[in-house]
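Results of the structural survey
The primary structure of each chain is shown beneath.
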Amino acid sequence: QAQLVESGGGLVQPGGSLRLSCAASGSGFSFNTMNWYRQAPGKQRELVASMSAGGRTTYADSAKGRFTISRDNAKNTWYLQMNSLKPDDTAVYYCNFRLFPTAREIWGQGTQVTVSS
């Protein structure tokens with residue numbers, strides 16, 4: 001079964017950038033969408049970015065123009081590039097896949113992003 005390992009979180013000043021990584025390991029799988037979620041203390045989990053199996057990307061309004069999903073096929077790794085970070089971006093970020101055709105979900109362990117002066 002596929003497993004997801006996240007990395008790249010940390011502390012950054014407002015206006016800074018981070019790139020989160022989500023590395024998939026284990027058996028190959030087919031999926032409908034790859035997603036990045038985040039959850040801040042006291043707030044609901046929020047979908048911030050998605051990529052379809054065909055490579056089409058969508059973004060939450062809060063992320064448009066600042067965040068970008070990409071992938072490295074050779075490394076079987078997906079990325080979330082985050083630029084112009086704001087304190088409101090502070091959250092635990094999770095990568096997620098919805099598998100095809102079962103719609104089963106797999107999740108990374110989460111990585112903390114803190115944006116603060």
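Let me sum up the structure you'll find in this document.

Conventions we followed
- Residues numbered from 1 in each chain as written.
- Predicted model: local features only at pLDDT ≥ 70, side-chain atom pairs only at ≥ 80, totals over all residues.
- Heavy atoms only, no water.
- Pairing = 2+ DSSP bridges.
- Helix = DSSP H or I, 4+ residues; strand = E, 2+ residues; numbered from the N terminus.
- Disulfide = S-S within 2.5 Å.
- Buried < 20%, exposed > 50% of the residue type's maximum accessible area, 1.4 Å probe, protein only.
- Salt bridge = Lys/Arg side-chain N within 4 Å of Asp/Glu carboxyl O.

Now for the pairing of strand S4 (residues 31-39). Sheet analysis places S4 next to strand S9 (residues 91-99), joined by eight bridges and oriented antiparallel. Bridge pairing in S9 places Arg38 opposite Tyr93. Sheet analysis places S4 next to strand S5 (residues 46-52), joined by six bridges and oriented antiparallel. In the sheet register, Trp36 faces S5, and the bridge partner there is Ala49. Connecting S4 to the antiparallel partner S5 that follows it, the hairpin turn spans six residues, and Gly42 within it adopts a positive phi of roughly 75°.

Turning next to the state of the cysteines. Structurally, a disulfide amounts to a covalent bond that connects the sulfur atoms of two cysteines. Here the structure, examined in full by the defined rule, presents one disulfide. A sulfur-sulfur separation of 2.1 Å characterises the disulfide bridge that pairs Cys22 with Cys95. Torsion about the S-S bond of the Cys22 and Cys95 cystine: about 70°, corresponding to right-handed handedness. Of this pair, Cys22 sits in strand S3 (residues 18-25) while Cys95 sits in strand S9, and the two are 73 residues apart along the sequence. Judged by relative accessible area, Cys22 falls into the buried class, the value being 0%.

As enumerated under the stated definition, the model contains five salt bridges in all. The residue Glu46 makes a salt bridge to Arg38 at a minimum N-O spacing of 2.9 Å. By relative accessible area, which is 28% here, Glu46 ends up partly exposed. Exposure remark for Arg38: the relative accessible area of 6% places this residue in the buried category. Across the salt bridge formed by Asp89 and Arg38, the nearest N and O atoms sit 2.9 Å from each other. Placement of the pair is Asp89 in the loop between strand S8 (77-82) and S9 and Arg38 in strand S4, with a sequence separation of 51 residues. The network of salt bridges with common partners includes Arg38, Glu46, Arg66 and Asp89.

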